[in-house]
Amino acid sequence: MMKQKRWISSVQKKGDQHAANELISHYYQSIYAYVYKQTLNKELSLDLTQDIFISMLQSIQQFDEKKASFKTWLYRIATYKLVDYFRSKNYTYDRSTDSMEGIDVAMPSDFTLELEWREDIEKAAGLINTFSIIDQQILRLKLFGEQTFIEIASSLDMPESSIKTKYYAAIKKVKQRMEAE
């Protein structure tokens, strides 16, 4: 935690490249995993993760540890980038180009389960993309970022009770729509 604060301070005050690299290295895996869970596409996830860290470095002067933890602030940037991507005209849903990496073909039943799981994730992600921006942010941070309601409330500057209400209402909508399909 103290190292992280030193890195942030060095980047903010001196533009320290080494400290920036350390900060990125520290968070890279968790941010990449957060993005990948939502895109299920390796190359896209790598590109979006890079964009997230570029945005982080461009706006690190605005980071204020009194308002939120660095992790919360970084996940907020990541969530905005994801929402922007899914709302952009660059986003076209094409499952035929999805890579099948990571699926063990040796076990046919596992392969079938993996495909079903992947289809469910894709359906859920597609539904989430149709929600309001605030609902998307809450769902993405909770489901894919595995953040607590308190962290989400801090990140979005909203009362925790509002976050919970919106989250459970949105989850109910996702379940209803997935059961209807």
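Refer to the structure presented above.
Every chain is numbered on its own, with residues counted from 1 as its sequence reads. Residues qualify for local features only when their pLDDT is at least 70, as the model is predicted, and side-chain atom pairs are given and counted only at 80 or more; totals for whole chains, interfaces and linings, by contrast, use all residues. With hydrogens and water set aside, each side-chain value is computed from the structure's full complement of heavy atoms.

### Re helix 6 (residues 133-144)
Thought 1: Strands are runs of DSSP state E lasting at least two residues, helices are runs of H or I lasting at least four, and both sets are numbered from the N terminus onward. Expected span of a helix: the number of residues minus one, times 1.5 Å. Compared with the 16 Å implied by 1.5 Å per residue over twelve residues, the 16 Å span of helix 6 between its first and last C-alpha is a close match.
Thought 2: For helix 6, the complete set of buried residues consists of Asp135, Gln136, Gln137, Ile138, Leu139, Arg140, Leu141 and Phe144.
Thought 3: Positive backbone phi, approximately 50°, marks Glu146, located one or two places after helix 6. Whether a residue is buried, partly exposed or exposed follows from its accessible area with a 1.4 Å probe, protein chains only, as a fraction of its type maximum: under 20%, in between, or over 50%, in that order.

### Overview of the environment of Tyr80
Thought 1: Tracing the sequence through the fold places Tyr80 in helix 4 (residues 70-87).
Thought 2: Since its relative accessible area comes to 38%, Tyr80 is described here as partly exposed.
Thought 3: For the pair Tyr80 and Gln137, spaced 57 residues apart in sequence, the C-alpha separation works out to 7.5 Å.

### Details of the nonpolar core
Thought 1: Here the nonpolar core consists of buried residues drawn from Ala, Val, Leu, Ile, Met, Phe, Trp, Tyr and Cys, with membership extended through side-chain atoms lying within 4.5 Å. Ranked by size, the top nonpolar core spans 42 residues in total, and within it Leu23, Ile31, Met56, Phe70 and Leu74 carry the most contacts.
Thought 2: Elements that contribute at least two residues to this core include exactly helix 1 (2-14), helix 2 (17-39), helix 3 (42-59), helix 4, helix 5 (108-128), helix 6, helix 7 (149-156) and helix 8 (160-180).
Thought 3: In terms of residues, this core owes the most to one element, helix 4, which gives nine residues.
Thought 4: Every residue pair with non-hydrogen atoms within 4.5 Å of one another is taken to be in contact. With residues up to four places along the chain from it excluded, the contact list for Phe70 reads Gln4, Ile8, Leu23, Tyr27, Met56, Ile60 and Phe63.

### Thoughts on the packing of aromatic side chains
Thought 1: Only Phe, Tyr and Trp rings are paired, with Trp represented by its six-membered ring, and only when their centres lie within 6.5 Å; those with planes under 30 degrees apart are stacked, over 60 edge-to-face, the remainder tilted. Under the counting rule described, the total for this entry stands at twelve aromatic pairs.
Thought 2: A centroid spacing of 5.3 Å and a plane angle of 55° characterise the contact between Phe63 and Trp73, whose relative ring orientation is tilted. Pair noted here: Phe63 is in the loop between helix 3 and helix 4 and Trp73 is in helix 4, with a separation of ten residues, a long-range link. When sorted by exposure, Phe63 lands in the same class as Trp73, which is buried.
Thought 3: Three or more aromatic residues joined by ring pairs make a cluster, and in this case those are Tyr27, Phe63, Phe70 and Trp73.

### Some thoughts on the packing of helix 1 against helix 2
Thought 1: Running from N to C, helix 1 and helix 2 point in directions that differ by 135°, and their axes come no closer than 8 Å. With respect to each other, helix 1 and helix 2 are oriented oblique. Regarding helix 1 and helix 2, the two cross each other, and that crossing is left-handed. For the pair formed by helix 1 and helix 2, the contact residues are Gln4, Trp7, Ile8, Ser10 and Val11 on the first element and Ala19, Ala20, Glu22, Leu23, His26 and Tyr27 on the second. Axis definition: a line fitted to C-alpha atoms, over the contacting stretch in the case of helices. Angles run 0 to 180 degrees between N-to-C directions. These descriptions rest on fixed angle ranges, namely under 35 degrees for roughly parallel, over 145 for roughly antiparallel, 65 to 115 for roughly perpendicular, and the rest for oblique. When the near helix sits turned anticlockwise from the far one by under a right angle, the crossing is termed left-handed; a clockwise turn instead gives a right-handed crossing.

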